[in-house]
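# Descriptive structure summary
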Amino acid sequence: MEQKTKYTKEGFAKLQEEYDYLKNVRRAEVKEQLKVARSFGDLSENSEYDEARDQQAKVEARISELEYLIKNAEVVDTDTIKNIVALGTSVVLKYADGKEITYHIVGSNEVDPMNKKISDQSPIGGAVVGQKKGAKVTIETPAGEKEATILDFYKTK
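First things first, this report covers the structure right here in the doc. Keep in mind it's a predicted model, so treat the numbers as computed, not measured.

### Focus: unusual backbone geometry
- The backbone of Lys116 shows a phi angle near 60 degrees, a positive value even though the residue is not glycine.
- If you trace the backbone, Lys116 turns up in the loop between strand E4 (100-106) and strand E5 (117-119).
- For Lys116, a relative accessible area of 37% gives the class partly exposed.

Next up, the structure:
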């Protein structure tokens, strides 16, 4: 049985958007590049042809990967989120040192640490998912345990 990967609606939409672009636009562009490169003659010493073939292989591999991800995706309905931190919510944490940070809880394939998008399976995500406002959580980090309080959470827009 295939394991489902959780996505927010936004994350799943990006997946589908990339798939549609690669399948309907990029694939045709690479096909045209191959056609032009073939017209240059001798394929054994044709770097344009080799580059187009490499691009074609990369595009086809990514299309296959996206098909697999889409087939095995589970889109989490954030409209059902009421009073607990869950995938698709943003959570405001206050650490013991007084520092406040807002994290966006997303599926494991949507992670973007630079934009504070963390997985529900990360140490922080795992500690806060299922918790309520005001809860004190212990986060296991490589540097040791950190204590934090959930100040607030809301559905990510």
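### A word on the packing of helix H1 (residues 9-38) against helix H2 (residues 47-71)
- Packing of H1 against H2 leaves a shortest axis separation of 9 Å and a crossing angle of 160 degrees. By the criterion of interaxial angle, the relationship of H1 to H2 is roughly antiparallel. Seen along the crossing, H1 lies across H2 with a hand that is left-handed.

### Quick look at the sheet that holds strand E3 (residues 89-95)
- Judged by pairing direction, the sheet is mixed, and its five strands sit side by side in the order E5-E4-E3-E7-E6 without closing on themselves. Since the sheet does not close on itself, it has two edges, and those belong to E5 and strand E6 (136-141), each with one partner. Taken over all neighbouring pairs, the strand axes of this sheet differ in orientation by 45 degrees on average, direction set aside.
- Of the strand pairs in this sheet, E3 and strand E7 (residues 144-155) are connected by seven bridges, and their pairing is antiparallel. By the bridge assignment, Tyr95 is partnered in E7 with Ala148.

### Points about the nonpolar core
- Among the nonpolar cores identified, the biggest contains 19 residues, and Val91, Leu93, Tyr95, Tyr103, Val128, Ile139 and Ile150 are the most heavily contacted of them.
- Contributions of two or more residues to this core are made by E3, E4, helix H3 (123-128), E6 and E7.
- Apart from the residues lying within four places of it in its own chain, the contact partners of Tyr95 are Ile101, Tyr103, Ile124, Ile139, Lys146, Glu147 and Ala148.
- In this structure, Tyr7, Phe12, Leu15 and Ala73 belong to the second largest nonpolar core, which totals 11 residues.

### A closer look at H2
- Taking 1.5 Å of rise per residue, 25 residues should cover 36 Å, and H2 covers 36 Å from first to last C-alpha, within 8% of that figure.
- Tyr49, Ala52, Val59, Ile63, Leu66 and Leu69 are the residues of H2 that are buried.
- On its buried face, H2 sits against strand E1 (5-7), H1 and strand E2 (73-75).

### Here's the deal with the environment of Asp79
- Position of Asp79 among the secondary structure elements: in the loop between E2 and E3.
- The exposure class assigned to Asp79 is partly exposed, which follows from its relative accessible area of 44%.
- Once the C-alpha coordinates of Asp79 and Glu140 are considered, the two residues, 61 residues apart in sequence, prove to be 30 Å apart.

### Structural notes on the pairing of E6
- Here E6 runs beside E7; their pairing, made up of six bridges, is antiparallel. Among the inter-strand pairings, Ile139 is bridged to a residue of E7, identified as Lys146.
- Taking the residues between adjacent antiparallel strands as the criterion, E6 and E7 are bridged by two residues.

Analysis parameters
Residues numbered from 1 in each chain as written. Predicted model: local features only at pLDDT ≥ 70, side-chain atom pairs only at ≥ 80, totals over all residues. Heavy atoms only, no water. Helix = DSSP H or I, 4+ residues; strand = E, 2+ residues; numbered from the N terminus. Buried < 20%, exposed > 50% of the residue type's maximum accessible area, 1.4 Å probe, protein only. Axes fitted to C-alpha atoms, helices over the stretch in contact; angles between N-to-C directions. Parallel < 35°, antiparallel > 145°, perpendicular 65-115°, else oblique. Left-handed = near helix turned anticlockwise from the far one by under 90°. Pairing = 2+ DSSP bridges. Core = buried A, V, L, I, M, F, W, Y, C linked by side-chain atoms within 4.5 Å. Contact = heavy atoms within 4.5 Å. Expected span 1.5 Å × (residues − 1).

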